[in-house]
Amino acid sequence: HRRNRVMSWFLSDRPLALIGHAVIYLHLEGRADDPLSGLTPSRFRNFCRTNGLCSPGRASAILAFMRLTGHIESVPHPGDRRVTQLRPSEKLMEIARARLARQFPVIALLRPDIAPAVHALGDPDFEAALFRALGAWFISGSRILDHAPSLHLFGGRDAGMLILYSLMLAGGSDGQPVSLAPLPVSISALAKQFQVSRTHVLRLLRDAEAAGLLTRDADTI
């Protein structure tokens, strides 16, 4: 979890991760005979607006910042030199691969048939098929958290899921997959670890308690 304070002003964690995938997907949708296809500012803004990621104005700001930080590169269109298109840089691709390289082995515990995907990262044909499929799945309206609606409380907040994971992993072993024993929690330590405010962490825990997702007793959960 490597946060960028400037980017965190634009969007929370989950939309920012999705935008990285969106940039790659739009680039792969480009066609040499259509200079308006692929990753262009207008298509990126429209994608963000249509799929509820952010407003067109915010999308423009994010795109500009990604170009400034080297996550996106400008390239002339092969079919029309007057058109400048964008493409994900190797820097962005490496971030995407690193994330997937950690996710795939965990998914393979439940779906052993996807194990070969771990070693296919870096193969252009595999990555093109993968990101096209992920993009089509997202555009269809599918959302991971729809399978666990109560987790929207954590998934919609900055570092919310990471705070939840920290709490789940912090307990001692009591024979449960996730310990149900009370555990001491430092609001300040969580805030410092994930670079959010103490108020942000405290509000998240209070809201989770109100929703019946955890119980709090003084400094324990």
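See the structure shown above.
What counts and what doesn't
- Residues numbered from 1 in each chain as written.
- Predicted model: local features only at pLDDT ≥ 70, side-chain atom pairs only at ≥ 80, totals over all residues.
- Heavy atoms only, no water.
- Helix = DSSP H or I, 4+ residues; strand = E, 2+ residues; numbered from the N terminus.
- Contact = heavy atoms within 4.5 Å.
- Areas by Shrake-Rupley, 256 points an atom, 1.4 Å probe, with all protein chains shown as cover.
- Axes fitted to C-alpha atoms, helices over the stretch in contact; angles between N-to-C directions.
- Left-handed = near helix turned anticlockwise from the far one by under 90°.
- Buried < 20%, exposed > 50% of the residue type's maximum accessible area, 1.4 Å probe, protein only.
- Phe/Tyr/Trp six-rings, centres within 6.5 Å; stacked < 30°, edge-to-face > 60°.
- Lys NZ or Arg CZ within 6 Å of the ring centre and 35° of its normal.
- Core = buried A, V, L, I, M, F, W, Y, C linked by side-chain atoms within 4.5 Å.
- Salt bridge = Lys/Arg side-chain N within 4 Å of Asp/Glu carboxyl O.
- Expected span 1.5 Å × (residues − 1).
- Arc of directions from axis to C-beta.

**Looking at the overall build of the chain**
A count of helical and extended segments in the chain gives 11 helices and 2 strands. If you take every contact in the chain between residues at least 6 apart in sequence, the share linking residues at least 24 apart comes to 54%. Put simply, the chain shows about 13100 Å² of open surface, and 57% of that area lies on carbon and sulfur atoms.

**As for the packing of helix 10 (residues 187–194) against helix 11 (residues 198–210)**
With their axes 8 Å apart at the nearest point, helix 10 and helix 11 run at an angle of 115° to one another. For the crossing formed where helix 10 meets helix 11, the hand is right-handed. Mapping the contact onto sequence places Ile 187, Ser 188, Leu 190 and Ala 191 in helix 10 and Arg 198, Val 201, Leu 202 and Leu 205 in helix 11.

**Overview of the environment of Ala 59**
By the secondary structure assignment, Ala 59 is in helix 4 (residues 56–68). On a C-alpha basis, the gap between Ala 59 and Phe 47 in space is 9.2 Å, while along the polypeptide they are 12 residues apart. Not counting chain neighbours up to four residues away, the residues in contact with Ala 59 comprise Phe 44, Arg 45, Cys 48 and Cys 54.

**Remarks on unusual backbone geometry**
Non-glycine residue Ala 159 carries a positive phi angle of around 60°. Along the chain, the position of Ala 159 falls in the loop between helix 8 (152–155) and helix 9 (160–170). For Ala 159, a relative accessible area of 2% translates into the label buried. One non-glycine residue with positive phi stands out, namely Gln 195, at about 55°.

**Here we look at the packing of aromatic side chains**
According to the stated counting rule, one finds 2 aromatic pairs in the structure shown. Plain terms: the ring middles of Tyr 25 and Phe 47 are 6.2 Å apart, the flat faces sit at 45° to each other, and that makes the pair tilted. A residue pair is termed long-range when its members are at least 10 positions apart, and Tyr 25 in helix 2 (residues 13–28) and Phe 47 in helix 3 (residues 41–50) qualify at 22 residues. For Tyr 25, a relative accessible area of 11% corresponds to the buried category. Arg 143 extends its terminal NZ or CZ atom over the ring of Phe 138, reaching a point 3.6 Å from the ring centre.

**Observations regarding the nonpolar core**
In terms of nonpolar packing, the biggest core is built from 30 residues, with Ile 19, Val 23 and Phe 44 touching the most fellow members. At the level of secondary structure, the elements contributing two or more residues to this core comprise helix 2, helix 3, helix 4, helix 5 (90–110) and helix 7 (124–139). Here this core gets 7 residues from one element, more than from any other, and that element is helix 2. Counting residues in each nonpolar core, the second largest holds 19 residues, with Leu 167, Val 196, Leu 205 and Ala 208 among its members.

**Examining the pattern of salt bridges**
All told, the structure shown has 10 salt bridges when counted by the stated rule. Note that Arg 111 and Asp 113 form a salt bridge whose closest N and O atoms lie 2.7 Å from each other. Judged by relative accessible area, which is 45%, Arg 111 ranks as partly exposed. The structure contains a network of salt bridges with shared partners spanning Glu 90, Glu 94, Arg 97 and Glu 127.

**A short note on the side chain of Asn 51**
Here Asn 51 lies in the loop between helix 3 and helix 4. Overall, the relative accessible area of 14% leaves Asn 51 in the buried class. For Asn 51, the residues in contact, after removing those within four places along its chain, are Phe 138, Ile 139 and Arg 143.

**Overview of helix 11**
For helix 11, which comprises 13 residues, the first-to-last C-alpha distance of 18 Å matches the rise-based estimate of 18 Å (1.5 Å per residue) to within 8%. Taken as a whole, helix 11 has its buried residues at His 200, Val 201, Leu 204, Leu 205 and Ala 208. Looking straight down helix 11, one finds its buried side chains confined to an arc of 130°; they lie on one side. Turned more than 90 degrees away from the buried face of helix 11 sit Arg 198 and Ala 210, all of them exposed.

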